[in-house]
Amino acid sequence: MGEIEAETVPTVPLRQVFARRLRSLADAALDLVYPPACAGCGILTGSKASLCPKCWSRLAFIERPYCEVLGTPFSHDLGPGILSADAIANPPPFDRLRSVALYDDLARVLVQSLKYRDRTDLAPMMAGWMLRAGDGAVEASDLIVPVPLHRFRLVWRKFNQSAELARALTALSGTPVLFNAVRRTKRIRRQIGLGPRAREENVRGAFSITPEGREKLFGRRVVLVDDVYTTGATVSAVTRTLKRAGVADVTVLTFARALPGPI
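Residues numbered from 1 in each chain as written. Predicted model: local features only at pLDDT ≥ 70, side-chain atom pairs only at ≥ 80, totals over all residues. Heavy atoms only, no water.

Colleague: Looking at this structure, how should I read the pattern of salt bridges?
Modeller: If charged atoms from side chains of opposite charge come close, those side chains can pair. Within this structure, the stated rule accounts for 13 salt bridges. The closest approach of N and O atoms between Arg98 and Glu68, which form a salt bridge, is 3.4 Å. Linking Arg98 in strand β1 (residues 96-102) with Glu68 in the loop between α2 (53-56) and α3 (85-89), this pair joins segments that are 30 residues apart in sequence. Taking relative accessible area as the criterion, Glu68 reaches 27% and is therefore assigned partly exposed. Glu212 is the salt-bridge partner of Lys216, the closest N and O atoms lying 3.2 Å from each other. In this pair, Lys216 and Glu212 are both assigned in helix α10 (residues 211-217), 4 residues apart and thus about one turn of the helix distant. (Salt bridge = Lys/Arg side-chain N within 4 Å of Asp/Glu carboxyl O. Helix = DSSP H or I, 4+ residues; strand = E, 2+ residues; numbered from the N terminus. Buried < 20%, exposed > 50% of the residue type's maximum accessible area, 1.4 Å probe, protein only.)

Following this line, the structure appears as structure tokens:
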């Protein structure tokens, strides 16, 4: 019998091995200083960026039945393909909206922790739920695009929470993210406290397509990512900008959804 050739085992560069071990040691040290805790109440848990059973029950997940366009939950099943009165009377510029949970109680805590308390470690957990809420839209799209921040606000906040969610979605789905597709060209007032009409006026003309966006967006199916959907003024303004650049289909995907009244 002939000799059996040994399999060639791919070697990992020493620099990569060292970097992985260094990250592992850093994570272990961080766990000693900041033990893994529930993102909602702070009780110790077995893993990072997780929820205890009590806090899990506080998340008001949006499940079917809901409006196929606006994702507004219905109190009872009206049959497949049913649209809400708002979607019929005021069709949005985007093709569909999907969100994980209602913007109250724990969902508000998670969003504000990510946005204002530098809890970027929450993004992978939140993006995992967003991927599920997208109901296949992320996997079927060509690109993920985060809603951009104005450069001055980005310097002040240090990161864009929508970009962090988009980055985590890419890691989970494999769908590429295009961070520089849209630019916020006008510094606007904060939307908090503004009514629907004031919000719409506030973001009018605030976005433009970058040269990279013009090159890569035409004819594509896009998932537009933001943290919260309230009146829809911001994502609608970005969607119009994307559609003018030739984007074929836009799914708006957010972690939370604010409703004006009871379901």
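Text resumes after the structure shown.
Colleague: Which parts of the structure should I look at to understand the packing of helix α4 (residues 106-116) against helix α5 (residues 123-133)?
Modeller: The relative placement of two packed helices comes down to the angle between their axes together with the axis-to-axis distance. One can describe the packing of α4 onto α5 by two numbers: an axis separation of 11 Å at closest approach and a directional angle of 130 degrees. Considering the angle they form, α4 stands oblique to α5. Between α4 and α5 lies a crossing whose hand is left-handed. Along its contact with α4, which presents Leu110, Val111 and Leu114, the element α5 presents Met125, Met126 and Trp129. Its residues assigned to classes, the contact of α4 with α5 shows 6 nonpolar, no polar and no charged. (Axes fitted to C-alpha atoms, helices over the stretch in contact; angles between N-to-C directions. Parallel < 35°, antiparallel > 145°, perpendicular 65-115°, else oblique. Left-handed = near helix turned anticlockwise from the far one by under 90°. Contact = heavy atoms within 4.5 Å. Nonpolar A, V, L, I, M, F, W, Y, C, P; charged D, E, K, R; others polar.)

Colleague: Where do I start with the nonpolar core in this structure?
Modeller: Where a protein is soluble and globular, its nonpolar side chains tend to be buried together. The biggest cluster of nonpolar side chains holds 38 residues, and the ones touching the most others in it are Leu51, Leu110 and Phe255. Residue assignment for this core shows that the elements contributing at least two residues are β1, α4, α5, α8 (161-173), β5 (221-229) and β6 (249-257). When residues of this core are assigned to their parent elements, the largest contribution, 8 residues, is made by α5. Setting aside anything within four residues of it in sequence, one finds Leu51 in contact with Cys38, Ala39, Gly40, Trp56, Leu59, Leu106, Leu110, Met125 and Trp129. (Core = buried A, V, L, I, M, F, W, Y, C linked by side-chain atoms within 4.5 Å.)

Colleague: Help me understand α5 in this model?
Modeller: Note that an α-helix has 3.6 residues per turn; residues three or four places apart therefore point the same way. Among the 11 residues of α5, 8 are classified as buried, and the element is accordingly described as predominantly covered. Within the span of α5, buried status applies to Ala123, Met125, Met126, Ala127, Trp129, Met130, Leu131 and Ala133. One or two steps after α5, the chain reaches Asp135, where phi turns positive at roughly 55 degrees.

Colleague: What should I look at first to understand α8 in this one?
Modeller: The end-to-end C-alpha distance of α8, which contains 13 residues, comes to 18 Å, matching closely the 18 Å that a straight helix rising 1.5 Å per residue would cover. Inspection of α8 places Gln161, Ser162, Ala163, Glu164, Leu165, Ala166, Ala168, Leu169 and Thr170 among the buried residues, and these make up the whole buried set. For α8, the capping residue at the N-terminal end is Asn160, with a side-chain oxygen 3.0 Å from the backbone nitrogen of Ser162. Following α8 by one or two positions, Gly174 has its phi on the positive side, about 85 degrees. (Expected span 1.5 Å × (residues − 1). Polar contact = N/O pair within 3.5 Å; in protein donor to acceptor, adjacent residues only side chain to side chain.)

Colleague: Can you help me understand the packing of aromatic side chains in this one?
Modeller: Working definition: an aromatic ring pair is given by the centre-to-centre distance plus the angle between the planes. Within the structure shown, the criterion is met by 5 aromatic pairs. Arranged with centres 5.2 Å apart and planes meeting at 50 degrees, the rings of Trp56 and Phe61 form a pair that is tilted. Following the ring pairs from residue to residue traces out a cluster consisting of Trp56, Phe61, Trp129 and Phe255. The cationic tip of Arg108 hangs over the ring face of Tyr103; the distance from NZ or CZ to the ring centre is 4.3 Å. (Phe/Tyr/Trp six-rings, centres within 6.5 Å; stacked < 30°, edge-to-face > 60°. Lys NZ or Arg CZ within 6 Å of the ring centre and 35° of its normal.)

Colleague: So what exactly am I meant to see when it comes to the side chain of Ser162 here?
Modeller: Looking at the secondary structure, you find Ser162 in helix α8. Under the relative-accessibility criterion, Ser162 is labelled buried at 1%. A distance of 2.7 Å separates polar atoms of two side chains, one belonging to Ser162 and the other to Asp226.

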